[in-house]
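Secondary and tertiary structure notes
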Amino acid sequence: MKVIITGAKGQLGSDLMQLLQADSRYEVYGYGKEELDITDMEQVGKVFMDVNPDIVIHAAAYTKVDAAESEPDAAYGVNALGTRNIALAAEKLKSKLVYVSTDYVFDGKATSPIHEFEQPCPDSVYGKSKLAGEQFVRDFHSKFFIVRTSWVYGKHGQNFVKTMLKLAKEQQQLKVVSDQTGSPTYSLDLASIIVNLALTEKYGTYHISNSGSCSWYEFAKAIFEEADIDVIVEPCRTEDFPRPAPRPKYSVFDHMRLRLNGFPEIRNWREALKDFLTTL
Ligand SMILES: NC(=O)c1ccc[n+]([C@@H]2O[C@H](COP(=O)([O-])OP(=O)(O)OC[C@H]3O[C@@H](n4cnc5c(N)ncnc54)[C@H](OP(=O)(O)O)[C@@H]3O)[C@@H](O)[C@H]2O)c1
């Protein structure tokens, strides 16, 4: 089975590559931005035509949430139009398509876990551009999975877990936001569910994160407990760290579509974190 991965050098893309390359059932074609710029429609068409993939996993994105507020053209260019290019090229070859999206398509005003039948309503440019990408997938592709995920961390690239471990080496005391709640997601868990999903024909939109929820403050405390690091963590409010892009206050996912389609529940975030820290 031939699989194309876009954004193959990113955090999730790297784990997808690792997972698929270890399985002899797959012939994997992973492309970083240098080999395949998704904003180049002609290049996307040519690369896809040469490979003729069975599955496309589209993990490339403009992910600079704060910079997107002042660079909307760059964010929409990659996340919306780039995704249109991928959707058109994949549809032409009748490949299945997985588009990785985000909890930022919601405004964070929910008070209970958000399922896939609820209406998105993004606040930030990043969230709006990712939602525009989802719409292009729905408009131009017929065999797609839209996988919304949240609070991703893993071995590759920068993420909250690595930032906390680094800060703990430099400071005795840390302040971490306690009024934003979400679901952390270990990128290897996410990668493996994406691959399992793509082997089915159960198309549609899915919310995928590790199960359970916590605030960033609780997440930080858990990281230090699991890594056995002695550092004082104090809770603070979002207003204490003003950022250009609004952050969702609440983005806990309900995995309703996985449940309704007979997939097992994803393991708890704390268990996944422990596993990650052990391998790290
Ligand atoms: N990280 C999270 O917490 C999180 C949460 C929810 C959803 N997501 C979604 O999950 C997916 C994977 O995220 P990630 O954490 O792996 O992000 P990442 O590490 O930033 O990876 C994204 C990759 O896309 C590449 N890229 C950017 N512009 C491109 C272009 N024009 N053509 C081709 N490649 C391009 C980036 O390359 P450069 O670095 O060279 O620009 C980067 O390697 C994204 O769709 C993201 O929106 C992530």
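This text follows the structure it describes.
The model shown is predicted, which means the values in this text are computed figures rather than measured ones.

**Structural notes on the side chain of S129**
- Among the structural elements, S129 can be located in helix 5 (residues 125-140).
- Overall, S129 belongs to the buried group, its relative accessible area being 0%.

**Section: helix 10 (residues 269-279)**
- Listed as buried for helix 10 are W269, A272, L273, F276 and L277. Summarising the axial view, the buried residues of helix 10 lie within an arc of 135°, below the 170-degree limit, and thus occupy one face. In helix 10, those exposed residues whose orientation departs by more than 90 degrees from the buried face are T278 and T279.
- In this structure, the buried side of helix 10 is in contact with strand 6 (152-153), helix 6 (160-170), strand 9 (185-186), helix 7 (187-198), strand 11 (214-215) and helix 8 (216-227).

**Points about the site of the ligand**
- Within the structure, the ligand sits among 23 residues, and Q11, L12, T63, Y126 and K130 are positioned closest to it.
- Between I38 and the ligand, the recorded distance is 3.0 Å, taken from a backbone N or O atom to a nitrogen atom.
- Backbone polar atom of A61 to an oxygen atom of the ligand: 3.2 Å apart, as the coordinates give it.
- Within the complex, the protein chains bury 79% of what would otherwise be the 890 Å² of accessible surface of the ligand.
- Mapped onto the shell around the ligand, the elements with two or more residues apiece are helix 1 (11-21), strand 4 (96-102) and helix 5.

**Quick look at unusual backbone geometry**
- We note that W151 has phi near 45°; this positive angle belongs to a residue other than glycine.
- Among the secondary structure elements, W151 is positioned in the loop between strand 5 (144-149) and strand 6.
- Using a relative accessible area of 12% as the deciding quantity, one classes W151 as buried.

Calculation criteria
Residues numbered from 1 in each chain as written. Predicted model: local features only at pLDDT ≥ 70, side-chain atom pairs only at ≥ 80, totals over all residues. Heavy atoms only, no water. Helix = DSSP H or I, 4+ residues; strand = E, 2+ residues; numbered from the N terminus. Buried < 20%, exposed > 50% of the residue type's maximum accessible area, 1.4 Å probe, protein only. Arc of directions from axis to C-beta. Contact = heavy atoms within 4.5 Å. Near = heavy atom within 4 Å. Polar contact = N/O pair within 3.5 Å; in protein donor to acceptor, adjacent residues only side chain to side chain. Areas by Shrake-Rupley, 256 points an atom, 1.4 Å probe, with all protein chains shown as cover.

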